[in-house]
Structures are given as C-alpha cells and as structure tokens.
Amino acid sequence: MAAARKPHAKPPWTGAAFVVEAMLLLLFLIAAVALLTRLFALSVEESAESRELTMAVAAASDAAERFAAAPGSVPARSSEGDLTVTCDVTDEPRARGVYHKAEIRVFDKAGEAVYALTTGAYEGGEA
C-alpha cells in the first residue's frame, strides 16, 4: 500500500513577506502624501508672496505715473490696501529747468520693503 500523502504546508515566511510588503507600501504612500502636502503648502506661500509683489509693483507704478504727470503733487506717504507707498522727491536745478528725482518704496504691513524704484521727471523753465 502506498503511503498517504501529506498536504503541502505553506512555508511560515510567506505571510510575513506579505505583511512586510504591505508595510513598505504604506510607508511609501505616507511619505508621498507628506511630500505632496509640503509642496502644496509651499505653493500657497509662494502664491501669497507673488500676489503681494504684484500689488507692490502696481502701487509703485501708479505712484511713478502720478509723479511723471505732476512731480509736485505726489504725496510723501500713501496707503494702498495693506501696502504703504513712500515717495521721496529731490529737486536738482538745471540751467533751463528742474530735474525731479523720486525714490518710490513700497512696504508691507510689517514695515518690510517689498519693492522700490527710482524715476525722474524734467520740468523745463522759460526759454
């Protein structure tokens, strides 16, 4: 009579390998989610800084346009939203007029400089 066959038993490590693979996959997914969350948070910060810089450039440009139109009528300090715009004007007399030079600076609500530009306008005198 032939000997009875024993059913094939699974090696004890096969279940452990599956658990290790599942844990590694879970670890990878957690790391990927953490990385993507960090990237999205950084993009929100960059977006806010970009928006503030865009508004500062527009405010400085507006002040420069007002200065170019009438150099003497630009206020030394003005506010546009959360930004403060300062305009320091110096006059340099010339032989046939005056050269007005403006240093325009834009500050955020914390008082830090966001943007600055320098422009000038010449007013000719009588010939």
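Above: the structure in question.
The model shown is predicted, which means the values in this text are computed figures rather than measured ones. (Residues numbered from 1 in each chain as written. Predicted model: local features only at pLDDT ≥ 70, side-chain atom pairs only at ≥ 80, totals over all residues. Heavy atoms only, no water.)

Draft legend 1. Representation of the pattern of salt bridges in the model. This structure, assessed with the given rule, holds four salt bridges. Across the pair Lys109 and Asp82 runs a salt bridge, and its minimum N-O distance is 3.9 Å. One end of the pair, Lys109, is in the loop between strand 3 (97-107) and strand 4 (113-124); the other, Asp82, is in the loop between strand 1 (77-80) and strand 2 (83-94), and 27 residues separate them in sequence. Each member of the pair, Lys109 together with Asp82, is exposed. Here Asp88 and Arg105 are joined by a salt bridge, their closest N and O atoms 3.1 Å apart. Of this pair, Asp88 sits in strand 2 while Arg105 sits in strand 3, and the two are 17 residues apart along the sequence. Accessibility expressed as a relative area gives 41% for Asp88, which makes it partly exposed. For Arg105, a relative accessible area of 30% puts it in the partly exposed group. Put simply, Asp88, Glu103 and Arg105 are held in one network by salt bridges that share partners. (Salt bridge = Lys/Arg side-chain N within 4 Å of Asp/Glu carboxyl O. Helix = DSSP H or I, 4+ residues; strand = E, 2+ residues; numbered from the N terminus. Buried < 20%, exposed > 50% of the residue type's maximum accessible area, 1.4 Å probe, protein only.)

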